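Understanding the architecture of this molecule
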Amino acid sequence: MTTNLAMVAEGEPAGDPRRPVYELVDVTKKYGHVVALEPVNVTLREGDFAAVIGPSGCGKSTLLKIMAGLVPPSSGAVVLEGQPVKGPRREIGMMFQQATLFPWCTTLENIVLPISIRDGRAAAKKAEKDALELLELVGLKGFEKAYPGQLSGGMAQRAAICRMLITEPDVLLLDEPFSALDELARDFMNLELQRITSARNATAFLITHSIPEAVFLSDTVYVMSARPGRIVEAVTIDLPRPRTMEMMVEPAFGAFVNRIRSLLDKGGFL
Amino acid sequence: MTDQTLSEAPSVARKRYEDTVWTEEVAFIDRIPRGIAMVGLFVGFIVLWQLVYLSGLVSPLILPSPLETGADIVFVGKNLFSGGYMLTAFFVTTQEVLVGFVIAMAIGFSLGILVGETSFGERAVLPYLVAIDTMPKVAFAPLFLAWLGFGISSKVALAAFIATFPIVVSTAAGLHAADDNARMLFKAMGATRWQTLFRMKIPTGLPHIFTGLKIAAVGVMAGAITAEFLGGGKGFGELIRVAASQLQTPRVFSLIIYLSLLGFVLFWTVVLVERRLVFWHRSTISGVDGGR
């Protein structure tokens, strides 16, 4: 197993037949005079799972918000499915560290909320069947009438996955989705996430603080430096799929973890 | 060896230490059952009152005996329940309070949303509201009387005026209660401003809003009665004022008791609506809030 290191600036390997879903070209962000992001160039192809890892305040979340169309970039282009991103898009599903379920809605109502907001309550009613299937998929069958206050942290996060998937997004933007969970729940959720993304051939972009998590899930791990945020290196993880928990103790896995840790250490970030 | 220790340990421990169960100590005052505590306090208060009355330190004109007062409570109660003139007065005050409360809610929610949702409201309107809020609002009563006359409308106006501010403040604060993730999520779902307001910010802010409504429910009573004291009319405040001016102290007490029923019903209506709408919030789940 070889570690394939490609500098981002040099672009993706030529001749990849998969179509690019997300293209970020020289995306920067400044807040006043403070540079939050130096030019970022990332291409995500269909089915890609990419992770960004970096110290707090390196602009990871800013990058994600720019990709999601929640915050405009200061310069550069963000292109999704051939269309520039100039605001929230239907093709995007998002998830955060907090489940952010609304406590006055049942689990089911929470899951169909994106449909209800975009297409109205009638459409949301119709989507309930899909929502029930999703609940079953993540092992929450029977909890559709429960209120979020009755769910554990892990269950709430699984409901949030359902809410993200209900609109059948092409790309998933994940901002530390499981970092508030305990270790056991987190491992389980990462397996779930892998299963879901590969079953749907979804393109995913994950922000995380956990090197093993990044290696476990990703095809490419982007290592970022802090202040100003800059992608230092793109580490291609060519471990076979599907990945299992057992692989995490294999030397190849450890080599990737060490490689990324040393990149982060070199910057003196950790 | 290990197995033996494990299987023997409990019995050995039991043998060696006979008294192993212990209980947490609870102070005497915390152990009194609620019913007994409440009745005890009430009886204690009446006894103290009677003692002060018997001591002769206070003129009976100022402080009647508990018995006299009790008899008058019964008298007023009979008048009220037989549909006497006091009931008419009670309805007048009830009307002022309810209309005042509805107006306060209408203005309070509107201004609260303006202040909490728009930066125009927050930057241009809020400073004026804060300035007015710091004024003693009862001092506006003569103005309302001059503008609206001595009828019911001046009382409604003062009641509404006093009750509006807590609603404005709590609504504006409630709209700021939603966290960044919730805002981001709604933005990402492509929600319009109205959708975000009505389906996320207002529900999130309801616990705050109800806190304001409870303060307003108390304020609206104070406003109506104050205006009646100052501007006459046909309400309960007028009955109290007349009774007090005639040194009918027991009557003042009993009128206040029945008046407090009105406030109590209004307050509890708010609390019950809150429990229904905000069933998901810890304050209503545990019953910490709500004047219990």
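Here is what the cut-offs are and how they apply
Residues numbered from 1 in each chain as written. Chains lettered and ligands numbered in written order. Predicted model: local features only at pLDDT ≥ 70, side-chain atom pairs only at ≥ 80, totals over all residues. Helix = DSSP H or I, 4+ residues; strand = E, 2+ residues; numbered from the N terminus. Rg over C-alpha atoms; globule rule 2.2 N^0.38 Å. Buried ≥ 20, exposed ≤ 12 C-beta atoms within 10 Å, placed from the backbone. Contact = placed C-beta atoms within 7 Å. Nonpolar A, V, L, I, M, F, W, Y, C, P; charged D, E, K, R; others polar. Pairing = 2+ DSSP bridges. Core = buried A, V, L, I, M, F, W, Y, C linked by C-beta atoms within 7 Å. Domains from an automatic or database assignment. pLDDT = per-residue confidence, 0-100. Axes fitted to C-alpha atoms, helices over the stretch in contact; angles between N-to-C directions. Left-handed = near helix turned anticlockwise from the far one by under 90°.

**Let's talk about the overall build of chain B**
Looking only at helices and strands, one finds 13 helices and 0 strands in chain B. In sequence order, chain B lays out its α and β elements as α-α-α-α-α-α-α-α-α-α-α-α-α. Over its C-alpha trace chain B gives a radius of gyration of 27 Å, far above what one expects of a compact globule, namely 19 Å for 292 residues. With the C-alpha coordinates of chain B rotated into their principal frame, the extents come out at 95 × 70 × 35 Å. Sorting the 292 residues of chain B into buried and exposed places 34% on the buried side. If you take every contact in chain B between residues at least 6 apart in sequence, the share linking residues at least 24 apart comes to 75%.

**Some details on the overall build of chain A**
Looking only at helices and strands, one finds 9 helices and 11 strands in chain A. Taken across its 270 residues, chain A has 42% of its residues classed as buried. When contacts within chain A are restricted to residue pairs at least 6 apart in sequence, those whose partners lie at least 24 apart make up 70%.

**Looking at the interface of chain A and chain B**
Taken together, the contact between chain A and chain B spans 16 residues of the former and 12 residues of the latter. At the level of elements, strand 7 (92-95) and helix 3 (113-119) of chain A are the ones that each hand at least two residues to the side of chain A that touches chain B. For the side of chain A that touches chain B, the class distribution of residues is 12 nonpolar, 3 polar and 1 charged.

**A word on the pairing of strand 3 (residues 34-45) of chain A**
Residue and element names in this part refer to chain A. Pairing between strand 2 (residues 20-31) and strand 3: 8 bridges, direction antiparallel. Among the inter-strand pairings, E23 is bridged to a residue of strand 3, identified as T43. The loop that links strand 2 with its antiparallel partner strand 3 comprises 2 residues; one of these, G32, has a positive phi angle of about 65°.

**A closer look at the pairing of strand 9 (residues 203-208) of chain A**
Residues and elements named next belong to chain A. Of all 6 residues in strand 9, 6 are buried, a share of seventy percent or more. Because side chains alternate across strand 9, one face comprises the buried residues T203, F205 and I207, and the other comprises A204, L206 and T208, equally buried. Pairing between strand 8 (residues 171-175) and strand 9: 5 bridges, direction parallel. Bridge pairing in strand 9 places L172 opposite A204.

**Brief notes about the nonpolar core**
Soluble globular proteins tend to bury their nonpolar side chains together. With 88 residues, the main nonpolar core has C162, V171, L173, V221, Y222 and I260 of chain A as its most contacted residues. With 8 residues, the top contributor of residues to this core is helix 6 (residues 153-165) of chain A. Those residues in contact with V171 of chain A that sit more than four places away from it in its chain are V21, Y22, L80, E91, I92, A202, T203, A204 and F205 of chain A. Counting 53 residues, the second-largest nonpolar core is a separate cluster that includes L145, A163, I202 and I240 of chain B.

**Describing the sheet that holds strand 5 (residues 75-80) of chain A**
Residue and element names in this part refer to chain A. Taken in spatial order, the 4 strands line up as 3-2-5-6 in an open sheet, and their pairing is antiparallel. Edge positions in the open sheet fall to strand 3 and strand 6 (83-84), since each of these has one partner strand only. Taken together, the 2 bridges between strand 5 and strand 6 define a ladder with antiparallel strand orientation. Paired with V79 across the bridge in strand 6 is P84.

**As for the domain arrangement of chain B**
Along its sequence, chain B is carved into domain 1 (31-63) and domain 2 (66-285). Just the C-alpha atoms count here: the centres of domain 1 of chain B and domain 2 of chain B sit 31 Å apart.

**Side note on the confidence of the model for chain A**
Residue and element names in this part refer to chain A. Within chain A, residue pLDDT values average 86, and 93% of them lie at 70 or more. Per-element mean pLDDT across chain A ranges from 42 in strand 1 (residues 4-6) up to 94 in helix 2 (residues 107-111). When the criterion is pLDDT under 50, residues 1-12 qualifies, and its contacts beyond four places in sequence or with other chains add up to 19 contacts.

**Brief notes about unusual backbone geometry**
All names here are of chain A. Cis peptide bonds are those with omega within 30 degrees of zero, and the linkage from R241 to P242 qualifies with -5°. For P242, the position within the fold is in the loop between strand 11 (230-236) and helix 9 (251-266). A positive phi angle, near 50°, is found at D26, a position not held by glycine. Position of D26 relative to the elements: it lies in strand 2. Residue class for D26 comes out exposed when judged on the 12 C-beta atoms lying within 10 Å of it. Phi at T100 is positive, roughly 50°, even though this residue is not glycine. Inspection of the secondary structure puts T100 in the loop between strand 7 and helix 2.

**Notes on the environment of G59 of chain A**
Relative to the helices and strands, G59 of chain A is located in the loop between strand 4 (49-53) and helix 1 (60-68). Note: C-alpha distance between G59 of chain A and L172 of chain A (113 residues apart in sequence) is 18 Å.

**Description of the packing of helix 5 (residues 85-117) of chain B against helix 8 (residues 152-175) of chain B**
To characterise two packed helices, one gives the angle between the axes of the helices and the distance between these axes. Residues and elements named next belong to chain B. Close contact between helix 5 and helix 8 brings their axes to 6 Å; oriented N to C, the two are set at 35°. Handedness of the crossing formed by helix 5 with helix 8: right-handed. Its residues assigned to classes, the contact of helix 5 with helix 8 shows 21 nonpolar, 7 polar and 3 charged.

**Observations regarding the packing of helix 7 (residues 141-148) of chain B against helix 8 of chain B**
Residue and element names in this part refer to chain B. With their axes 8 Å apart at the nearest point, helix 7 and helix 8 run at an angle of 145° to one another. Considering the relative orientation of helix 7 and helix 8, their crossing is right-handed. Across from A141, F144, L145 and L148 in helix 7, the residues of helix 8 making contact are S153, S154, A157 and L158. In terms of residue class, the contact of helix 7 with helix 8 is made up of 6 nonpolar, 2 polar and no charged.

**Points about the environment of T236 of chain A**
Within the element layout of this structure, T236 of chain A appears in strand 11. Considered as a pair, T236 of chain A and V215 of chain A are 21 residues apart in the sequence and their alpha carbons are 9.2 Å apart.

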